[in-house]
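Next come the chains, spelled out residue by residue.
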Amino acid sequence: MAGIARAAMYAVLPAELLLTVLVVSGMPLPGPLLAMAELTVTAVFVLVTVTAYRLFRIERRNGADRWAALRATVDLLVPLRVRTIMEFELKGMVSLVLWIARRRVGVPPGATALTYSREQAPVLLVLLFLMTVETIGVDLLLIGMDVPDAVRLPVLAADVYGIVYCLMLGAACATRPHVVTGKELRIRYGVYFDLRVPRDLIASVRLSRSYDERAMVRVADGRLSVAVSHQTNVTVELVEPVTVVRPLGSRAEASVIRLFADDPRAALDALRDPAEAQGIAERA
């Protein structure tokens, strides 16, 4: 039943969105078509609600508390990748607030924070400027052409979201640096990637620059690359492979990790000396 409800929900939502845009834009539609659409949406809403309630009650009867039952219900009704993307968006918004408050996530007292956002900041600033100019220019153009608000406002909303996304990306990278403690190396890229490597699995660390990385997070031939602006500058070799969870949930094994740090020498010092990993302050 959960599968049927999920399929119905994802089939009806795009159709309802299209129908709403057509109605708002003033396009005449047959009355029977509108009535059938509303009946279909109502039926799907009832189906999803009933299914969610039944799944919630089953989880509660199995001993789960309210929040655990609610999470399990959402997991069953919403596909993993959709949940992951929604989580990225939520964490990105939180990152903006943390960035404004000058706070960081997951950097315990005494740990070494290894930033990686400084390298990509100029690129993000240029992109942000261009997107802002494009948003204003396109909106003025649509207004000058007397384009209906039903078309202009969705375009404006999409452009504004692009600006907000750019801000979220920069804030997420600034508030979530790599972290070295006495127990682990935590490698991150914004809200999209997070890998914890126990220090006792680290065999060696060396400086090694690469300027042609193909993707932000890539695993190939047992090598993990977590790049910034297509660059890495620190290579960590492990005594045994670790499981890497890619941004959208797929898994791979890696025994060599290449990452980027604004100050690669600080990363090298922190990883080679466990005592320093507890006491070295971040280098500006």
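Anything mentioned here points back to the structure above.
Conventions adopted
- Going along each chain's sequence as written, the residues are numbered from 1 onward.
- Confidence filtering applies because this is a predicted model: local features only for residues at pLDDT of at least 70, side-chain atom pairs given and counted only at 80 or more, and all residues used for totals across whole chains, interfaces and linings.
- To get the side-chain values, all heavy atoms of the structure are used, and hydrogens and water are removed first.
- The residues that make up patches have over 30% relative accessible area and no salt bridge, and they are joined within 9 Å when like-charged or within 5 Å when they are Val, Leu, Ile, Met, Phe, Trp or Tyr.
- Accessible areas in this description were obtained via Shrake-Rupley with a 1.4 Å probe; residue shielding takes into account the shown protein chains only.
- Put simply, a salt bridge is a Lys or Arg side-chain nitrogen that is within 4 Å of an Asp or Glu carboxyl oxygen.
- Working definition: helices are DSSP H or I runs of at least four residues, strands are E runs of at least two. Numbering for both runs from the N terminus.
- Per-residue accessibility, obtained with a 1.4 Å probe over protein chains only, is compared with the maximum for each type, and a residue is labelled buried under 20%, exposed over 50%, and partly exposed between these values.
- Positive: Lys, Arg. Negative: Asp, Glu. His and the chain ends are not part of the count.
- Charge positions come from single atoms, namely NZ of Lys, CZ of Arg, CG of Asp or CD of Glu.
- Take the buried residues of types Ala, Val, Leu, Ile, Met, Phe, Trp, Tyr and Cys, join any two whose side-chain atoms come within 4.5 Å, and each joined set is a nonpolar core.
- Any pair of residues with heavy atoms lying within 4.5 Å of one another is described as a contacting pair.
- Take the residue count of a helix, subtract one, and multiply by 1.5 Å to get its expected span.
- Of all possible arcs, the one meant is that of the directions from the helix axis to the C-beta atoms.
- Pairs of N or O atoms are called polar contacts if they sit within 3.5 Å, as long as, within protein, a hydrogen donor faces a hydrogen acceptor (for residues adjacent in sequence, only side-chain-to-side-chain pairs).

> How should a nonpolar patch on the surface be read in this particular structure?
On the surface, Val126, Phe129, Leu130 and Val133 cluster together into a nonpolar patch covering about 400 Å² of accessible area. In this fold, Val133 is placed in helix H5 (residues 121-144). Judged by relative accessible area, which is 45%, Val133 ranks as partly exposed.

> Explain a positive patch on the surface to me, please; I cannot follow it from the model alone.
A cluster of basic side chains, namely Arg57, Arg60, Arg61 and Arg66, defines a positive patch on the protein surface. Top contributing element to the positive patch by residue count: helix H2 (residues 31-61), with three residues.

> When you look at the nonpolar core in this model, what are you seeing that I'm missing?
Generally speaking, a soluble globular protein has its nonpolar side chains buried in company with each other. Within the largest apolar cluster, 43 residues are counted, with the highest numbers of intra-cluster contacts made by Leu185, Tyr189, Phe193, Leu224, Val236 and Ile257. If we ignore the near neighbours within four places in the chain, the residues touching Phe193 are Ile187, Arg188, Val217, Leu224, Val226, Val244 and Val245.

> Looking at this structure, how should I read the environment of Leu248?
Note on placement: Leu248 falls in the loop between strand E8 (232-245) and strand E9 (251-259). The spatial distance from the C-alpha of Leu248 to the C-alpha of Phe193 is 9.3 Å, given a sequence separation of 55 residues. If sequence neighbours within four positions are ignored, Leu248 has contacts with Arg81, Thr84, Ile85 and Phe88.

> Would you mind showing me how to read helix H3 (residues 66-77) here?
In an α-helix there are 3.6 residues to a turn, and that puts residues three or four apart on one side. The end-to-end C-alpha distance of H3 is 17 Å, a good match for the 16 Å that 12 residues give at a rise of 1.5 Å each. Here H3 has its buried residues at Ala69, Ala72, Thr73 and Leu77. Buried residues along H3 cover an arc of 125 degrees about the axis, so they all sit on one side. Across H3 from its buried face, at more than 90 degrees, point the exposed residues Trp67 and Arg71. Regarding H3, its N-cap is Asp65, as a side-chain oxygen of that residue lies 3.2 Å from the backbone nitrogen of Trp67 further along.

> In this structure, what is going on with the pattern of salt bridges? I would like to understand it.
Any two side chains of opposite charge can pair, so long as their charged atoms come close to each other. Going through the model one piece at a time under the given rule, you end up with six salt bridges. With a closest N to O distance of 2.9 Å, Glu87 and Lys91 form a salt bridge. Pair noted here: Glu87 and Lys91 are both in helix H4 (residues 80-100), with a separation of four residues, about one helical turn. Looking at Lys91, the relative accessible area reads 33%, which means it is partly exposed. The partner of Asp194 in a salt bridge is Arg186, with the nearest N and O atoms 2.6 Å apart. Relative accessible area serves as the criterion here: at 12%, Arg186 is assigned to the buried category.

It is worth stressing that arrangement in space is one thing and function is another; only the former is reported here.
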